[in-house]
Amino acid sequence: MARKPAWAIEKERGQKRHGRAGDTVWLFGLHAVRDALANPARKRHQLVLTRNAADKLAPEIAASGMEPRIADPRRFDAPLDPASVHQGAALEVDPLDWGSVSETCAPRDDAPVVLLLDRVTDPHNVGAVLRSAEVFGARAVIAPHRHSAPETGALAKTASGALERQPYLRVPNLANAIGALREMGYAVVGLDGAAEVALDVAVEGLERQPLALVLGAEGPGMRELTTKLCHRLARIPAAGVFGSLNVSNAAAVALYAATRGRSGS
């Protein structure tokens with residue numbers, strides 16, 4: 001039997017120190033670590049830095065009150081996948097708890113926009129979606145516990161800090177979450193490449209109503225039940241005979257189209 005690599009063994013040990021395996025997350029990269037250090041909602045455990053990274057993060061380290069462990073850049077021994085582009089910075093944290101859908105997404109004298117992701121499992125796609133959601137002022141990004149990307153170092157690095165500020169709610173049941181949004185007055189629009197109506201037409205007249213945009217995984221798209229729970233289906237128009245966007249690009253386009261002229265988000 002092949003031996004586990006040292007980084008994997010140390011990662012398991014770190015997880016056992018703080019509860020069951022999977023309870024903690026190792027964030028990496030200067031942007032992700034900097035923003036996690038500055039986030040008062042983050043529960044932090046260990047900070048591993050090279051001297052160069054420690055110099056770059058000095059204000060955030062001082063404000064956080066953490067004492068970093070300085071690592072040799074040639075033997076950076078934080079328990080990360082060796083392929084991780086860590087930039088000499090790694091931070092062990094607890095996952096964030098953003099609360100429930102009803103708490104986070106309740107309209108408050110505005111017309112918020114939320115995104116729902118149905119079976120989007122690639123952490124890089126979800127990280128990019130979180131960046132777009134923050135840029136366009138989405139209230140939350142919602143995904144199911146199963147068949148979705150959990151909070152990981154790769155997701156956080158792609159999100160480039162947005163993970164610390166943009167609510168990312170992973171719920172037991174996506175259909176129930178959509179039902180809760182409908183009860184709160186949200187119009188639910190699902191993106192479907194085969195839909196007859198273009199997205200800008202589908203969101204016309206909804207500027208003063210809370211709006212939920214639903215995106216499915218690339219290829220299979222939304223599940224049947226998810227599709228049935230949408231009030232409308234819409235497509236992003238393509239100029240050519242064949243044209244498609246990956247889910248993170250589709251989310252950015254959809255958010256831009258949906259947030260123009262809204263009363264708030």
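This report concerns the structure included in the present document. All of these numbers come straight from a predicted model, not from anything done at the bench.

1. Focus: the packing of aromatic side chains
Right, on to step 1. If you walk through the whole model with that rule in mind, you get 1 aromatic pair.
Right, on to step 2. With centroids separated by 6.3 Å and ring planes inclined at 65 degrees, the aromatic side chains of F136 and Y256 adopt a geometry described as edge-to-face. Highlighted residues: F136 in the loop between α6 (123-135) and β6 (140-144) and Y256 in helix α11 (residues 247-259), separated in sequence by 120 residues.
Right, on to step 3. Since its relative accessible area comes to 25%, F136 is described here as partly exposed.

2. Notes on the pairing of strand β8 (residues 187-191)
Right, on to step 1. For β8, the buried fraction is high: 5 of the 5 residues fall into the buried class.
Right, on to step 2. Side chains A187, V189 and L191 project from β8 onto one buried face, and the interleaved V188 and G190 project onto a second face that is buried too.
Right, on to step 3. When β8 meets strand β9 (residues 211-216), the two strands line up parallel, connected through 4 bridges. Looking at the pairing, V188 lines up with A212 of β9.
Right, on to step 4. Across 3 bridges, the pairing between β8 and strand β10 (residues 232-234) is parallel.

3. A short note on the sheet that holds β6
Hydrogen bonding along the main chain pairs the strands of a sheet, whether they run parallel or antiparallel.
Right, on to step 1. The parallel open sheet is built from 6 strands, whose spatial order is β7-β6-β5-β9-β8-β10. This sheet does not close on itself; its edge strands, each paired only once, are β7 (168-171) and β10. Looking at each pair of strands side by side, their axes are set apart by 25 degrees on average, direction ignored.
Right, on to step 2. Sitting on the sheet, α6 is in contact with β5 (113-118), β6 and β7, with an inclination near 170 degrees to β5.
Right, on to step 3. The strands touched by helix α8 (residues 174-183) within the sheet are β5, β6, β7, β8 and β9, with β5 carrying the most contacts at an inclination of about 160 degrees.

Procedures and definitions
Here the residue numbering is sequential within each chain, running from 1 through the sequence in written order. Under the rules for a predicted model, residues below a pLDDT of 70 receive no local features and side-chain atom pairs below 80 are neither given nor counted, while totals for whole chains, interfaces and linings still include all residues. Side-chain figures throughout are based on the complete set of non-hydrogen atoms in the structure, without hydrogens or water. Only Phe, Tyr and Trp rings are paired, with Trp represented by its six-membered ring, and only when their centres lie within 6.5 Å; those with planes under 30 degrees apart are stacked, over 60 edge-to-face, the remainder tilted. In this text, helices come from DSSP runs of H or I with a minimum length of four residues, and strands from runs of E with a minimum of two, each type numbered from the N-terminal end. Each residue's exposure class comes from its accessible area (1.4 Å probe, protein chains only) as a fraction of the maximum for that residue type: buried when under 20%, exposed when over 50%, partly exposed otherwise. Being paired, for any two strands, means DSSP has found at least two bridges between them. Lines fitted to C-alpha atoms define the axes, with helix axes restricted to the stretch in contact, and inter-axis angles between N-to-C directions lie between 0 and 180 degrees. Contacts are assigned to residue pairs that have any heavy atoms within 4.5 Å of one another.

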